[in-house]
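Structural overview
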Amino acid sequence: MVLFSKFRPLLQTVFKPTQQIQTIVKRWSSERRMRMMISEFNERKFFDLFHYYFLIGLVPTFCVVFYANVFVGQATLSEIPEDYEPRHWEYYKHPLRRFMAQYVVQPFDERYEISLHAIYTQVMRDQLRGLERKVRRLEHARGDNKGWFYRPEVDNLSELELKKAAERSEGYSAMLAPRELPPPRSWPVAPKTD
Amino acid sequence: MPEPSPMEHVYGLSKWSDVGYSAIDTLYLRPVRWFHRNIVERLRGPSYPYYHRKFGPVKTIDQCEIQDQTCFYEAEMTYLREKRIDTMVVEILHDRLTRCIAHEGRIDALDKCIKEKDALFESHTNWYQKYGEMGVPHSCVDAYMKQKHLMIWMRQHPEVDLKGWAIERDYEQKTKDYIKSIPMPMEIR
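Criteria and thresholds
- Residues numbered from 1 in each chain as written.
- Chains lettered and ligands numbered in written order.
- Predicted model: local features only at pLDDT ≥ 70, side-chain atom pairs only at ≥ 80, totals over all residues.
- Heavy atoms only, no water.
- Helix = DSSP H or I, 4+ residues; strand = E, 2+ residues; numbered from the N terminus.
- Buried < 20%, exposed > 50% of the residue type's maximum accessible area, 1.4 Å probe, protein only.
- Contact = heavy atoms within 4.5 Å.
- Buried area = accessible area lost by both parts, 1.4 Å probe.
- Salt bridge = Lys/Arg side-chain N within 4 Å of Asp/Glu carboxyl O.
- Polar contact = N/O pair within 3.5 Å; in protein donor to acceptor, adjacent residues only side chain to side chain.
- Nonpolar A, V, L, I, M, F, W, Y, C, P; charged D, E, K, R; others polar.
- Pairing = 2+ DSSP bridges.

**Details of the environment of B:Val10**
All names here are of chain B. Relative to the elements of secondary structure, Val 10 occurs in the segment before α1 (15-43). Overall, the relative accessible area of 49% leaves Val 10 in the partly exposed class. Sequence-wise, Val 10 and Tyr 21 are eleven residues apart; in three dimensions their C-alpha atoms are separated by 9.6 Å.

Structure below.
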């Protein structure tokens with residue numbers, strides 16, 4: 001990384017355009033020349049990105065790893081004391097691994113118990129579905145009960161109609177009155193007004 | 001001995017191995033040891049423990065009820081753990097034999113490394129009898145059935161030597177005889 005600045009002079013020594021192409025005399029004085037150079041854009045961009053990722057990525061990572069290995073140190077294996085249940089991260093040796101186990105990763109035992117629970121619930125669901133199938137089969141065969149085998153179709157509009165009819169038969173109430181009365185009917189026969 | 005230590009270098013066996021080891025010594029081992037002793041051990045914080053996981057006793061396949069999926073899962077996990085542990089055991093014994101051969105030399109190992117060889121042979125045979133040749137993938141039920149069929153077969157053929165110690169000893173003897181049969185001056189042998 002330190003010697004990157006030496007690349008360009010090396011490159012310039014390799015590619016030496018001839019004197020004629022190198023010098024372009026414009027409206028300047030006879031001593032000033034415009035040098036025709038190889039493009040610097042890609043080099044600058046590469047060094048920019050390298051320094052960016054190095055400073056933001058490698059340097060903090062290196063510092064963290066250095067601190068964990070030198071200052072904190074790895075754990076020592078010891079027997080589990082009586083009446084003590086170690087936390088799930090205390091089963092790992094390296095401090096960074098312990099950190100990940102403590103704050104980032106799902107615990108090993110928890111994963112095991114979750115799998116067990118998933119199996120248990122699936123077994124329960126299968127048993128219930130089997131029971132449903134059995135009941136449906138028996139209802140269909142015996143035909144002595146409407147409750148389970150009968151599959152009612154839900155008709156929201158008919159239900160609404162029935163509700164409205166019940167409301168109308170009960171009588172209109174001032175609390176439930178609409179803002180204005182509905183218009184008098186004109187079809188098929190207008191009402192007699194005498 | 002779960003973490004084997006690196007071998008110590010013996011100076012004087014060969015000039016080039018000495019040069020190589022001295023180079024590695026000055027370039028890597030000495031600086032690292034200096035850094036560790038003078039800087040790391042002074043700045044290191046208090047030591048803290050870590051433990052080995054203990055798995056409680058769990059029903060095996062033969063004790064599980066019919067259609068008890070949770071029991072099957074636990075038995076399977078136990079079986080896989082045991083298999084991994086046994087594989088590590090075989091690997092460690094193999095490693096010990098390799099180190100013994102590297103230490104003694106290929107010829108002297110025939111006389112001096114018999115204990116490691118026997119340990120590896122036995123562990124390998126047992127591993128094969130327990131886990132081998134069932135196909136991939138296989139379950140704990142397959143392993144249980146294999147054990148059952150093996151026991152039945154052993155009861156039906158009690159005279160057969162399943163571990164193969166006779167063949168092993170025969171092979172060792174043949175190797176030694178072959179090496180003795182090679183004509184060589186006594187100074188080299």
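Alright, that's what it looks like, and here's the rest.
**Observations regarding the interface of chain A and chain B**
Contacts between chain A and chain B engage 31 residues on the former and 20 residues on the latter. Both sides of the chain A and chain B interface together cover about 2,500 Å² of buried area, and 62% of this is carbon and sulfur. Where chain A packs against chain B, one counts one salt bridge. A:Asp109 serves as the salt-bridge partner of B:Arg53, at 3.2 Å between the closest nitrogen and oxygen. For the interface between chain A and chain B, the tally reads eleven residue pairs in polar contact (both at pLDDT 80 or more). Elements supplying a minimum of two residues to the side of chain A that touches chain B: α3 (41-72), β3 (76-77), α4 (95-103) and α5 (108-142) of chain A. By residue number, the principal contributor to the side of chain A that touches chain B is α5(A), which donates eight residues. A per-class count over the side of chain A that touches chain B returns 19 nonpolar, seven polar and five charged. One ladder, built from two bridges, connects β3(A) with strand β1 (residues 49-50) of chain B; its direction is parallel. For A:Thr76, the partnering residue across the bridge sits in β1(B) and is B:Pro49.

**Let's talk about the pattern of salt bridges**
Any two side chains of opposite charge can pair, on the condition that their charged atoms come close. Following the criterion strictly, the structure yields twelve salt bridges over all chains and no others. A salt bridge links A:Arg129 to A:Asp126; the nearest nitrogen and oxygen atoms lie 3.5 Å apart. Of this pair, A:Arg129 and A:Asp126 both sit in helix α5, separated by three residues, roughly a single helical turn. With its nearest N and O atoms 3.6 Å apart, the salt bridge here joins B:Asp86 to B:Lys130. Here B:Asp86, found in helix α2 (residues 69-104), pairs with B:Lys130, found in helix α4 (residues 114-131); they are 44 residues apart in sequence, far enough to count as distant. For B:Asp86, a relative accessible area of 21% gives the class partly exposed. Under the relative-accessibility criterion, B:Lys130 is labelled partly exposed at 41%. When salt bridges that share partners are traced, they join B:Lys117, B:Asp118, B:Glu168, B:Arg169 and B:Glu172 into one network.

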